[in-house]
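Observations on the model geometry
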Amino acid sequence: LNPPPGNVYRRFLLGMASEEEQIGVEEAVLSGRIDATNLQNAEDELIDDYLLGDISEGERRDFEQQFLVTDERRQRFRFASELIEYSRRADSDGISAIPIRTGRDGIWGMFPWKRAAFLAAAASILFAVVSGIEFARLRQQNQIAQSAQDELARLQRGLTAPRETMSQVQGPNADVMRDSAAGAIEIATNEIGPATRDFKPQRFRVPVGAQVARIYWELPSGLPKTIRLVLVPADGQRPWTEDFPSSVLSSGNRSTFDLPASVLIPGRYHLWAEGSSGGPFKPIANSVIEVER
Amino acid sequence: MENPEVMQAFLLWLGGDQLTGARKYEEIRRKLILLFRWRGCFIPEELTDETIDRTARAVLKPDFHYDGDKDLYFRGVARNVFLEWVRRERRLPTESVSEGAFDLPAPAPPEPEEVRVSCLDRCLNALPPAKRNLILGYYRSDKREKIDGRQHLAAELGIGVNALRIQIFRLRNALRRCVENCRGKGEILCTEET
């Protein structure tokens with residue numbers, strides 16, 4: 001079975017899809033034939049078309065009444081609108097570097113003698129524009145270098161920051177530990193139960209400037225060669241996954257996983273570990289955590 | 001599903017054993033949330049839980065018999081739950097409420113224009129120049145120039161328009177997360193996820 005064509009996603013999102021098309025999309029999502037990316041791209045495209053005016057009257061009405069009804073979509077709409085506005089402003093300021101050409105020059109075939117004069121004038125304008133672009137590029141590189149320096153200074157401040165900036169772990173089974181690496185978040189999950197909404201999640205607060213989240217997890221003994229940690233936000237968006245060789249994970253049963261704190265935006269996550277010794281990955285354990293900032 | 005025994009039985013029905021069942025449970029829950037969200041539901045998690053509860057109640061009845069794909073069973077229940085929700089939403093009273101009838105908290109002050117633009121500016125500058133130019137080039141055309149402009153961009157990169165679109169959406173998501181991060185914490189972290 002193939003995924004539904006792109007215009008079906010569009011109609012589905014606008015609430016205009018036929019019964020058959022709706023069933024097709026629903027089955028494709030549940031069977032895993034299409035994933036979050038397909039429909040999210042269709043959502044972004046729809047938002048762009050609305051903002052650029054490339055949408056029919058009926059679609060416009062459904063977009064406003066059926067589509068733009070959730071906070072998340074409204075936020076993405078706002079962001080797209082700002083990005084388009086910024087792009088056009090940058091264009092008029094001569095900052096953007098890739099020109100858009102229409103590729104039509106048929107008129108010069110009618111007036112060949114004008115072409116040389118035009119090219120001479122264009123060359124001098126082009127020289128001025130290129131100089132301007134070069135200046136903008138140098139300024140931009142300077143900004144990037146400054147931004148890198150700022151980031152370095154921020155990281156250095158993080159490393160020398162007092163321990164009070166570290167995370168506060170709350171909730172059942174929580175085991176707060178402080179590490180020598182300042183800014184690290186440390187979570188201990190000592191009891192793993194079935195990951196359901198009835199399972200009370202561990203809560204923890206991510207401090208400003210934290211770079212690393214450290215998870216201690218009591219996994220069964222005799223771990224396979226590779227352990228895969230999978231972190232899925234409750235909304236199903238942007239799952240994070242990473243493989244760890246089991247040899248570096250543990251001494252005894254308690255394994256240590258370090259993951260970037262930046263992946264832990266506030267919300268509820270389902271966390272599971274899978275293992276493989278060369279074959280397919282099989283589930284080992286799972287849990288639920290609640291992140292606060 | 002308050003009763004742990006019911007939950008255990010349901011997980012067994014889903015996966016054959018507890019752990020596989022729990023994993024399947026999470027997977028189906030994640031997909032149902034996405035499905036409700038894409039259908040424009042603003043309480044997707046509630047409808048998902050309702051779908052799972054109903055399914056559990058049905059499949060744990062002694063006389064229940066179903067040999068088909070379990071995902072499709074969930075789809076059927078989810079569809080009913082969604083349609084019921086739509087009907088409930090339509091029935092809600094829509095008469096106007098007189099001003100001052102409730103003590104509502106004052107709305108948060110709007111984010112200053114300079115903060116919003118500054119974050120976008122900083123995040124765009126954190127991108128490699130080629131990617132920055134690419135996304136700005138993509139979004140600067142208006143309706144009339146859109147098709148020509150995007151075809152030209154794709155040709156310059158030696159890729160098809162669809163591949164260009166996918167690159168742009170990936171870049172744009174990274175940029176959006178960077179801007180959210182900047183506005184929330186003042187940090188610039190622009191990484192493009194694959």
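In what follows, the accompanying structure is described.

Conventions adopted
- Every chain begins its residue count from 1, and numbering advances along the sequence as written.
- Chain labels run from A onward and ligand labels from 1 onward, assigned in the order the entries are written.
- With pLDDT at 70 or above as the cut-off, local features in this predicted model cover only qualifying residues; side-chain atom pairs require 80 or more to be listed or tallied, and sums for whole chains, interfaces and linings still use all residues.
- Side-chain measures were taken over the full set of non-hydrogen atoms in the model, leaving aside hydrogen atoms and water.
- Each helix is a run of DSSP H or I of at least 4 residues and each strand a run of E of at least 2, with the numbering of both proceeding from the N terminus.
- Partly exposed describes any residue whose relative accessible area lies between the buried limit of under 20% and the exposed limit of over 50%, with all areas from a 1.4 Å probe on protein chains only and scaled to the type maximum.
- By the convention used here, residues are in contact when the closest approach between their heavy atoms is within 4.5 Å.
- Areas reported here follow the Shrake-Rupley algorithm with a probe of radius 1.4 Å; residue values treat only the protein chains shown as occluding.
- Grouping buried Ala, Val, Leu, Ile, Met, Phe, Trp, Tyr and Cys residues that are joined through side-chain atoms within 4.5 Å yields what is termed a nonpolar core.
- Basic side-chain nitrogens of Lys or Arg form a salt bridge, by our definition, when they fall within 4 Å of a carboxyl oxygen of Asp or Glu.
- To estimate the expected span of a helix, subtract one from its residue number and multiply by 1.5 Å.
- Each pair of aromatic rings taken from Phe, Tyr and Trp, with Trp reduced to its six-membered ring, is defined by centres within 6.5 Å and is described as stacked if the planes are under 30 degrees apart, edge-to-face if over 60, and tilted in the remaining cases.
- By the criterion adopted, a ring carries a charge over it if an Arg CZ or a Lys NZ lies within 6 Å of its centre and within 35 degrees of its normal.
- Cysteine sulfurs are considered disulfide-paired once they come within 2.5 Å of each other.

**Quick look at the overall build of chain B**
In terms of regular secondary structure, chain B is built from 8 helices and 0 strands. Shown N-terminal to C-terminal, the secondary structure of chain B runs as helices and strands in the order α-α-α-α-α-α-α-α. Within chain B, the proportion of its 194 residues that are buried is 42%. For chain B, contacts bridging at least 24 residues in sequence account for 52% of all contacts bridging at least 6. Entry remark: accessible area of chain B is about 10,600 Å², with carbon and sulfur atoms responsible for 52%.

**Re the nonpolar core**
Of all hydrophobic cores here, the largest spans 48 residues; its most connected members are Leu39 and Phe63 of chain A together with Phe10 of chain B. Contact partners of leucine 39 of chain A, with chain neighbours within four places excluded, come to Tyr9, Phe12, Leu13, Val25, Val29 and Ile34 of chain A together with Trp38 of chain B. Among the nonpolar cores identified, the runner-up in size contains 26 residues, and Phe79 of chain A together with Leu127, Ile135 and Ala154 of chain B belong to it.

**Considerations on the pattern of salt bridges**
Overall, the coordinates contain 27 salt bridges over all chains when judged by the stated rule. Through salt bridges with shared partners, one network takes in Glu43, Asp44, Asp48, Glu72, Arg73 and Arg76 of chain A together with Arg37 and Arg172 of chain B.

**Overview of the environment of lysine 225 of chain A**
Along the polypeptide, lysine 225 of chain A turns up in the loop between β4 (212–218) and β5 (226–233). Discounting residues that sit within four places of it in the chain, lysine 225 of chain A has contacts with Phe244, Pro245, Ser246, Ser276 and Ser277 of chain A.

**Thoughts on helix α3 (residues 44–59) of chain B**
Because each turn of an α-helix spans 3.6 residues, side chains separated by three or four positions end up pointing in the same direction. Its 16 residues place the ends of α3 of chain B 22 Å apart at the C-alpha level, agreeing with the 22 Å of an ideal helix rising 1.5 Å per residue. When we look at burial in α3 of chain B, the residues that qualify are Pro44, Leu47, Thr48, Asp49, Thr51, Ile52, Asp53, Thr55, Ala56, Ala58 and Val59 of chain B.

**A short note on the packing of aromatic side chains**
Two descriptors summarise a pair of aromatic rings, namely the distance from one centre to the other and the angle between the planes of the rings. With the rule as written, the count across this model stands at 16 aromatic pairs over all chains. The interplanar angle of 15 degrees and the centroid separation of 4.2 Å between the aromatic rings of tyrosine 50 of chain A and phenylalanine 63 of chain A together place this pair among those described as stacked. Here tyrosine 50 of chain A is found in helix α3 (residues 36–52), whereas its partner phenylalanine 63 of chain A is found in helix α4 (residues 57–67), with 13 residues between them in sequence. According to the relative accessible area criterion, tyrosine 50 of chain A is buried, its value standing at 15%. Classification of phenylalanine 63 of chain A as buried rests on a relative accessible area of 0%. Geometrically, the ring pair formed by phenylalanine 64 of chain B and tyrosine 66 of chain B is tilted, given 6.5 Å between the ring centres and 40 degrees between the ring planes. Following the ring pairs from residue to residue traces out a cluster consisting of Phe10, Trp13, Tyr25, Phe64, Tyr66, Tyr73 and Phe74 of chain B. One Lys or Arg, lysine 70 of chain B, reaches over the ring of tryptophan 13 of chain B and ends 5.1 Å from the middle of that ring. Here the guanidinium or amino end of arginine 150 of chain B rests over the ring plane of tyrosine 138 of chain B, the centre of that ring lying 3.8 Å away.

**Here we look at the state of the cysteines**
All names here are of chain B. Scanning the entire structure with this criterion turns up 2 disulfides over all chains. A sulfur-sulfur distance of 2.0 Å marks the disulfide that ties cysteine 119 to cysteine 182. Disulfide cysteine 119-cysteine 182: torsion about the S-S bond near -75 degrees, hence left-handed. Of this pair, cysteine 119 sits in helix α5 (residues 113–126) while cysteine 182 sits in helix α8 (residues 161–185), placing them 63 residues apart in sequence. As far as burial versus exposure is concerned, cysteine 119 and cysteine 182 are alike and both buried. Two residues share a disulfide in this structure: cysteine 123 and cysteine 178, whose sulfurs sit 2.2 Å from each other. Where cysteine 123 bonds to cysteine 178 through sulfur, the torsion about that S-S bond is close to -90 degrees, and the disulfide is left-handed. In this pair, cysteine 123 sits in helix α5 while cysteine 178 sits in helix α8, placing the two residues 55 residues apart along the sequence. Accessibility classification places cysteine 123 together with cysteine 178 in one group, the buried group. Going through chain B in sequence order and numbering each bonded cysteine, the pairs you get are 1-4, 2-3.

**Points about the side chain of aspartate 71 of chain B**
Structurally, aspartate 71 of chain B can be placed in helix α4 (residues 70–91). When near neighbours in sequence (up to four residues on either side) are disregarded, aspartate 71 of chain B contacts Leu30 and Ser31 of chain A together with Lys24 and Ile28 of chain B.

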